[in-house]
Every structure is written in C-alpha cells, then in structure tokens.
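Coordinate inspection notes
Each chain, letter by letter, is given below.
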Amino acid sequence: MTISPMDVSRRVFLKQSATVTCGLAIAFYLPSSLAATDPQAPATAGEFEPNAWVRILPDGTVKLVVHKHDSGTGTHTALAACVAEELDVNPMTVQVISPEDPFFETYIHPVWKVFSTGGSTSVSLEYDRLRMAGATARALLIAAAAKQWKVSPDSCITEEGRVVHGASKRSLGYGELVGVAAHLPASAKVSLKDPAQFKYIGKLRHKRDAQAKVCGRFKYSIDVVLPDMLVAVIQRAPVLGASVVSVDSAAALQVPGVHKVIKVPGRPDVLGGNVEGVAVLARSYWAAHQGRELLKVQWSDSPLAGFDSDELAKAQAAALDDNGAQRVSAMAVGDVNAQWPGAAKLLEADYRMPYKVQNPLEPICITAQVKDNAITYWGGVQVPSSALEAAQVICKFTKDKVIINELVSGGSFGAREAKYWLFEVAYLAQQARVPVKLMNSREDEMRSLFMHPATLHRAKGALDAQGRLTAMQLDAVSPASPEQWEPGYFERPDKMDYSTTEAITAWDFAYRPANLDLTWVRHESQVPSGWYRSVSFIPNVFAVESFMDELAHAAGQDPLAFRLANMQDRSRHVAVLKSAAERAGWGQPLPEGTALGIATNQGYTSFIAVVARLSKKDGVIKVDKLTCVVDCGLTVSPGGVEEQIYGGLMWGLGHALFDRMDIKQGRVVQSNFHDYRVTRMSDMPAVDILLVDGDPAKPGGVGELGSPSVAPAIANALFSLTGVRQRSTPLNLG
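Presented here is a report on the structure given in the accompanying data block.

Parameters at a glance
Residues numbered from 1 in each chain as written. Predicted model: local features only at pLDDT ≥ 70, side-chain atom pairs only at ≥ 80, totals over all residues. Heavy atoms only, no water. Helix = DSSP H or I, 4+ residues; strand = E, 2+ residues; numbered from the N terminus. Buried < 20%, exposed > 50% of the residue type's maximum accessible area, 1.4 Å probe, protein only. Contact = heavy atoms within 4.5 Å. Areas by Shrake-Rupley, 256 points an atom, 1.4 Å probe, with all protein chains shown as cover. Lys, Arg positive; Asp, Glu negative; His and termini not counted. Charge placed at Lys NZ, Arg CZ, Asp CG, Glu CD. Expected span 1.5 Å × (residues − 1). Salt bridge = Lys/Arg side-chain N within 4 Å of Asp/Glu carboxyl O.

With that settled, the discussion passes to the overall build of the protein. The number of helices and strands found in the protein is 16 helices and 28 strands. If one aligns the C-alpha atoms of the protein with their principal axes, the spans along those axes are about 85 × 70 × 55 Å. Scored against the burial criterion, the 734 residues of the protein give a buried share of 61%. Look at the contacts in the protein between residues 6 or more apart in sequence, and 76% of them connect residues 24 or more apart. Surface accessibility of the protein: about 28,800 Å² in total, with carbon and sulfur atoms responsible for 52%. Computing the positive centroid from 73 side-chain charges and the negative centroid from 76, the protein places the two 3 Å apart.

See the structure below:
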C-alpha cells in the first residue's frame, strides 16, 4: 500500500470576522481572494470556503474539515455529522479532510489552548460551533440561490446537497452556487435545526470507512511509503535512565539494506522529551530490525538501576506519613478527624494498581521529511502542538514551516499523546535528509517510556449506629501526570493536578457524606509516566467504588441502596444506577454460585453504571456478563458510542484481570503479549449496553467513560461470591 504526500491546497486563511449567534461566539475565516473581491463582481469558479469547516467545489464535491485526530474511535464520523446535519448533506458520503493549516487559531483546543485531541472532549466541546458552521454555510447557499431566482431566502429550503425553492420546486446543487455564495457576506444570525428534524445526529449506526477497514484497504501510518524513504528503528536503553557511552555499528552496517546508524541524543531539557538511543535506518523494517540486533551499544549506569516496582508500594505508603510530601486537597467538607472517635464502626483499606502500558494495536509509527527548510509529517499525530514543538526545538523551524498530513491511527489509549517519538523522527529526518519512517515494534512499545503509573489509595470511613456514612477520607498517592508536559504546572495557586484527581473532585465525585476529605499525595518514583485512556479515573474509581462496597457491607446494607443514600441532587446518576441494577436483575434470586457487583462513576459530563455477574463452577470463577447503562447526554453517533462503551468495558476487564507491568532493577520485565496478558475474545463475557439521553441538547464524552467502573464491579461481585475482599489488581479469580 502506498500513500503519497497530500496535496496541500492552501495553508492560510486571511480574513477574520466574528459571528455571534445564540450567545455563542465563533470565528469564521474567508480566503483573502474572496474577502477582497468586490461582492458585485462576476462569480468565479473557485472553491467555496464559508468558514474553517466547509469546502464545496463547483463539481458539487463537499468536503468537511475535521480538526481532531481519529484513533479508530469514530471521531471523524461524529464531528462530520455535526457539520453535515446543518448543511443538509449525508456525512457518510462527503469527503472528510484534515485542516489545511493544523495550527490555525480556530482549531485550538478551547480548554487546553493547544492543538490536541484527547480527554473525551472532541464531540462535547465542538458540537455547538460545528453545527453553527454548517448552518452558516447553508444560509449562504440559500442566499445565493435566492439571489439567482430573485426570491426571498425564506421561501427556500435545502435537501441533500441542493437548495430547493418551495413554490416553484426549482433546485440548484451546492456546486452550482459556489461562485455566487463565495461573494456573499455571512449573516450575523443563522438558525439551527430543531433536533426533531435531525436526519443524522442521533441516528448514525456505523462509522466512516468501516468497510475499507474490514477489507484491509484502509491506510494507516504504518502503510506510508514515500520515494527514497528509510525505515528507522531505535535501540533505547535497557535500563531506564541510562545513556549511550559508545556504539559499534560495523556489523549492523553489513546487513543488506542498512544505510545509516545514527546516535539519537536525549532531550532531558524538554518535558516529555526522548531519551538517548541508537537508530538503524534501512530500506525495510526487517533490515533495520536485523541491523539493530547486531549493534554493540555500551550503556552508562542509571540512577534507576535499583528500582523495583514491587517495592514501590512501601515508598508510596511512607509518603502518606511524610510531613514533607506534597498534599493537595481535592475536596473537603466538614471535619473527618472529629468523626473518628465516636464512630460506631471504623473501616480502613488500601487499594493498589500496578504499572500498565497502552499497547495500541498499531504501535507508534510516524514518517517525517526535512526538505526545503520545512518539515512534513505523515501519520497519526494526536497532538499537533507536540509535532510543532519537535520541529521548533530540533529543527529550529517556525510554525509556517511545519506541515502535518494527518492519518487515522490504529489505536492510541494515550500512547500517541506522548511526544518522545516526534522528537526522535524530527532528529532522524533532519540528519538523513530523506523521508524517515520511525517504527516501534511491540517490544519497543512495551518497554518504551511514559506508561500508566502504579498507585496506592488509602481509604478510611466512619459509620454511625444506624449504618449511616458520617465521614470518608481518601488519600490518593501517585506521581503528577502532566508536569512533564506543562512547565510550571504546580506554580498555579491551587497546586492541583486535574489529570491525577479525576473522580475525586467536587464536579465528579458521586457521594456527599457530611464529612469528606479527598486528597492527592504527590509521590514521584523517577519512572516517567504518561497519558493512558481514562487516566486517573481508573485507580480512583477502583478505590472509591470498592470502598463504598466495603462500607455498605459493614453497615449491613444493600450496596446499591447504600450508594443511592449517599448521593444528593444527582438525578441522572441515580437513574443510570437504578437502570443498570434493574437490567442486571439486582435484588432478584440468583442461581447458586452466582453473584453480582455494582460500580459507577461520572466523567466527561457523562454518567455510567456497571453491574458484573460472576459465577463459580467446579472451582473456576468466570465473568459471565457486564450490564452497562450510560447517560452521555445527546448521542451524536449511537453506533459509535456503543462501540466506544463496549471497547471501554473490554479495556476495563483487562485492568481488572490482566494488566500489569513490572520493573526489576530498572528494567521492564514484560516484552510482548506472551508475558503481558491482554483481554482476548475468549475472555469477553456477554455485554448488555443501554444508552439514555439524560440531556438531549448536549453530548457528553464517552471515549474514556466505559472502563473505570469495570474493575470495582468485578471486585465487588468477587467478594459477594467468595467472601474474600481483593484490593489490588489484577484480581485473582482462582
């Protein structure tokens, strides 16, 4: 398979105007060639670009710009539908393209202020302005048709890419109108469709390009082939933190197809930058791989040479008693310490989760070329700002000299939010002066940096004589996730790491006892950690939902009823809990050797509840079924949401039963799927998913919603089945 360089038609939008409608401010941009043209001049046959999201050609071709990375999650399908719905075109048949200028101001993340995709924010944050963009383009096309027909725009409607005059039934395709529409001013007010009229939003069942993926025709980063391209693999330090002392590359250079061996300098000056390594560049991956096997690299000693992940829990526990440790309050109500002496029952428990690695199906792969004082990337660039940073730091290029040809990637799970590989490929492309495709093997992926950190949570709770929860304390011990990416992160007044305190802050913690103390305790192990799908929701929800179950048991109460009794003003959350319990048969008689466990969380302005059904037969415990109810507000693409939730449940099953990365003497132990067990098809239980629209006017996030509640739901069912409480993952099913 071959992918040629993209034909970049233009890189700059040169005219800005502000349109304010329905209280929403949106920036729209017109090409200077149109903006400077006399509105009364004859129409040209150019491309119609009413804003940063819509392109219509004279031949009727409709292109929708999607500025977010799609890692197989269906982002392109959902975002294109938001524009297409208002434009009245079928989102499954139009062309979806990446921005001509990926660093154009309009495409910046409205919260993070960088060019990035992540955090389950793409659809929820872009829904309104993408609909507005489609509606603005539609209004201009209607105005163009009305001008030609000399009728009122109010007498015209749009249908499947055409403007229709209601009385005369005359119609014109969008392509026929681009010349006139290009010269018309955008209206300050446009009308959005009534949701009752939606044809696509809330009705899509399939993702774009599904057939091509199933048939193997779809092109990923790994399929990129360019003239004179070299494939690079990198030998990174076997012990974390070691550097290159010397390299003997003689044998590697004798391998047919091997062209170069290049030492890659580390960038410890860049937060999240790459470590030192040695790259082998060849005409094929296999030649590069063989050459790397023959390298003789001498590595320095490392300060992490004695690190053992099994000993980490002791150091984390010590941090809890360290007065000098950085403690940041995530949420505090009342006085928990005043409740301990008079409590009828006191419970304390520690919960642990190990290191985990992202393991996307397509390992990291990126192609870059430095030519004509510019750098071009081909691949799944999830964070364009990181690609820009690599180009600026390594190549000293300015923003206008950076081109990104964005491709859908074969998974990310946070791996493509790292930046080390972008720095590596930028350096190699600059040195080689030909296109370089950097490829990680599965072993590289397993042993590279920025895995999900191991965590410790210490919980304490007080119950009164009636079994009511009077106080709850939780200390979450973990490193800071984002500091390696954001210099000065902890110089903020609140000192809060919001990527480490997910699910234990005021806006997403479900429970409201009268006295509550949720604290993040920062503990750095010097092992680089990074982004991971669902990030800190995973360990935080595991601890909270496991402990709520323990409290319910100690109180002699039903775990569902106990949870509901401690929720306040959370009607949507209560609804998904009750619905999931009912669908799973909660409270109904169960066959002998069968048990249910429940867990729940809020995240990304969405709500989820999971009930796990376990059975024990002939001494073997099995997860039989996962019942899941999700309220993510408006579901733009229901089929895509169901797929994301199903994938999240599978991801969560892995956290519960398999995922574990060990480090011994500074070396990552696992190397591939033979010793890092992942969820297989045979492991998947029956799955029942129900989507409810708790807020039909606004979508929430779903990409990372599905996994966090799975592990505690299984752990709680396991306790109900065996009477033994397990507080660390992977759980032992015996």
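What follows deals with helix α9 (residues 384-395). Taking 1.5 Å per residue as the helical rise, α9 with its twelve residues ought to reach 16 Å, and the 16 Å between its terminal C-alpha atoms agrees with that figure. For α9, a buried count of ten out of twelve residues is recorded, marking the element as mostly surrounded by other parts of the structure. Contacts from the buried residues of α9 go to β16 (365-371), β17 (374-379), β18 (402-406) and α10 (420-432). Positive phi appears at lysine 396, one or two residues downstream of α9, with a value of about 65°.

With 20 residues, helix α15 (residues 638-657) should cover 28 Å at 1.5 Å per step; its first-to-last C-alpha distance of 29 Å lies within 8% of that length. Counting buried residues along α15, 16 of its 20 residues qualify, which places the element largely inside the surrounding structure.

Okay, the pattern of salt bridges next. Between side chains of opposite charge, a pair can form as their charged atoms come close. Here the structure, examined in full by the defined rule, presents 36 salt bridges. Residue arginine 677 is joined to aspartate 683 by a salt bridge in which the shortest nitrogen-to-oxygen separation is 2.8 Å. Overall, arginine 677 belongs to the partly exposed group, its relative accessible area being 26%. One network of salt bridges, in which partners are shared, links Glu545, Asp549, Glu550, Arg563, Arg725 and Arg727.

What follows deals with unusual backbone geometry. In this structure, the amide linkage connecting threonine 729 to the following residue, proline 730, adopts the cis form with an omega of 0°. By the element assignment, proline 730 lies in the segment after α16 (710-722). Phi at arginine 433 is positive, roughly 60°, even though this residue is not glycine. For arginine 433, the position within the fold is in the loop between α10 and β19 (436-439). Look at valine 535: it is not a glycine, yet its phi comes out positive at around 40°. If you trace the backbone, valine 535 turns up in the loop between β22 (515-522) and α12 (537-555). Judged by relative accessible area, which is 8%, valine 535 ranks as buried.

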